[in-house]
Structures are given as C-alpha cells and as structure tokens.
Amino acid sequence: MNAAVSAHGIHKRFGALDVLKGIDLEVAEGTTYGLLGPSGSGKSTLIRLLLGLSRADAGEVTVRGRPMPDRAILSEVGYMPQAPSLYMDLTARENVAFFAGVQGIRDSAAIDRVLDIVQLRGRADSPLHTFSGGMVNRTSLACALVHGPRLLFLDEPTVGLDPLLRASFWQHFRRLNREGVTIVLTSHLMDEAQNADRLGLIRFGTFLAEGTPAEIVAASGAANLGDAFLTLAEAQG
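Residues numbered from 1 in each chain as written. Predicted model: local features only at pLDDT ≥ 70, side-chain atom pairs only at ≥ 80, totals over all residues. Heavy atoms only, no water.

Draft legend 1. Structural view of the side chain of Thr91. Along the polypeptide, Thr91 turns up in the loop between β6 (77–80) and α2 (92–102). We classify Thr91 as buried; its relative accessible area is 11%. (Helix = DSSP H or I, 4+ residues; strand = E, 2+ residues; numbered from the N terminus. Buried < 20%, exposed > 50% of the residue type's maximum accessible area, 1.4 Å probe, protein only.)

Structure, rendered in structure tokens:
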C-alpha cells in the first residue's frame, strides 16, 4: 500500500531539550496509526511536525507525496488538537459551521452529519461554555471532520469520553478507513491502542517499538500491550 505519511530521521529540540530523537515512521493509506505514550513523550510535537505546523531540526516529512510543510495539502487534512481551538461563546453548530466555511463548505447537511457522528445534535445550538470538557472535545472532532478530509491527525481524540462513546468513535474511525481515509492519532490508553493497525510506542522522544499491536506484544515477550510498554520502558532505562 502507498504511504500517506512518511517521516525519516526526525529530530526536534526546544532549547537544550531533545524532544524527538530520530523518529522514523510510515503510515499506509486507509489505515489508523497510533502514537502511544505518556504525557511529555513527544506525541503532540510529532503530530505538529507531520502537519507542517512546525519544522524539524533534522529529517524529512512527506504527506500524500508532498514534502512538508506545504499549505496546498491542508484542504485534504483534518486536525484535532489536544487543546481545542474553539469559540466558547458560540454554539457547537456555529463552531462547526465556521470551520466548514474556512474550507469553503456551506452545506448545512454536512454540519448536521458530523454533529450526529459525535452525538451532539441535541445540543447543537448550546454555547460551548455550557459544555463539559468531553463535549468540547467532541465538537473539536466534528470541526476536524466536517470537510471530509482524506487524512486525519487527531491528538488525544477520546479524552474525557465514556467507554460507550469511545467505542462508537472507533467504529467511525474504522468506517473512515474503509472509505480510504488515513488516521494518525495519539493516545495514552493501552486498551484503546489495540484498535490501531500499527503503533509507535514513544517515550522520551524515541520509539520503544513500532509495528502492529500483536507484533509489539510478541517481541516484548509480555502478555499484553500494557505490560509490553512497561517491559520496553524498563529496558530503555
């Protein structure tokens, strides 16, 4: 399969701090790739580099065949940041409509469709300052989905969601994969990471392991993905 995202030899420093130390990854078209690791491991920084929102100090990133950064690719990309960039005095519908308009979309049916996906249709006309944190995150995901991107970057998309809603999101992610959409997401939840086609287990800016969840568990000799992460982290020191 063709690679939707490729990164080779990625290094990033902030002052004296090495945040990413030689990251390599490839994400096949129509698959979900998970970056799994604790807070501060470099996941969000890597997402921003893949998006072209930040430049690496070394290495190269290619997205859908184009070296990044490249503004021309942004119409094909959806991005849900870890800290939602939304307007809290506007309603959920108004926020989604604004981000749809940025992409040239004025279709109210498209807005209703994504509000249904994130299960907010019943609160679509409530201002975001009345929402819980999980509901704000769901609105942020709707904004990332509304223009029908072929590539999604989702930074902790299921934080604050109950298990049933999290499961429904993963069902939608799978439907998107079947339609050819590629997803790169971050998570710190081991049980959730099992759903990804491939994983990069990241800690201190380096990959502890990379592969399918089953490959990582087998290579570590552990019983499950959580134990595999602990085993690999202990070996790293």
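Draft legend 2. Molecular detail of the pairing of strand β7 (residues 151–155). Within β7, five of the five residues are buried, which leaves the element mostly enclosed by the surrounding structure. Neither face of β7 is open: one carries Leu151, Phe153 and Asp155, the other Leu152 and Leu154, and all of them are buried. When β6 meets β7, the two strands line up parallel, connected through four bridges. Opposite Gly78, over in β7, you have Leu152 as the bridge partner. (Pairing = 2+ DSSP bridges.)

Draft legend 3. Representation of the sheet that holds β6 in the model. Taken together, the six strands give an open sheet; going across it, the order is β6-β7-β8-β3-β9-β10, and neighbouring strands pair in mixed fashion. Edge positions in the sheet fall to β6 and β10 (206–211), since each of these pairs with one other strand and no more. Shown here is a sheet whose adjacent strand axes are inclined to one another by a mean of 15 degrees, direction ignored. For strand β3 (residues 32–36) and strand β8 (residues 182–187), the ladder comprises five bridges, and the chain directions are parallel. Paired with Thr32 across the bridge in β8 is Ile183. On top of the sheet, helix α4 (residues 133–145) reaches β6 and β7; it is set at about 170 degrees to β6, its chief contact. Across the face of the sheet, helix α5 (residues 163–178) comes into contact with β3, β7 and β8 while running at roughly 150 degrees to β8. (Axes fitted to C-alpha atoms, helices over the stretch in contact; angles between N-to-C directions. Contact = heavy atoms within 4.5 Å.)

Draft legend 4. Representation of unusual backbone geometry. Cis geometry is adopted by the peptide bond preceding Pro69, which originates at Met68 and carries an omega value of 5 degrees. Tracing the backbone through its elements, the reader meets Pro69 in the loop between β5 (66–67) and β6. If you check the backbone angles, Gln119 has positive phi at about 60 degrees while not being a glycine. Checked against the element boundaries, Gln119 lands in the loop between α3 (108–117) and α4. Despite not being glycine, Glu156 has its phi angle at roughly 55 degrees, a positive value.

Draft legend 5. View of a nonpolar patch on the surface. A contiguous nonpolar patch, built from Tyr87, Leu90, Phe98 and Val102 and spanning about 360 Å² of accessible area, is present on the exposed surface. Looking at the element boundaries, Tyr87 is found in the loop between β6 and α2. Accessibility expressed as a relative area gives 42% for Tyr87, which makes it partly exposed. (Patch = residues over 30% accessible without salt bridge, like charges linked within 9 Å, V, L, I, M, F, W, Y side chains within 5 Å. Areas by Shrake-Rupley, 256 points an atom, 1.4 Å probe, with all protein chains shown as cover. Salt bridge = Lys/Arg side-chain N within 4 Å of Asp/Glu carboxyl O.)

Draft legend 6. Spotlight on the packing of aromatic side chains. On inspection of all chains with the given rule, the structure shows four aromatic pairs. Between Phe98 and Phe99, the ring centres sit 5.3 Å apart and the planes meet at 85 degrees, which makes this aromatic pair edge-to-face. With a relative accessible area of 38%, Phe98 lands in the partly exposed category. (Phe/Tyr/Trp six-rings, centres within 6.5 Å; stacked < 30°, edge-to-face > 60°.)

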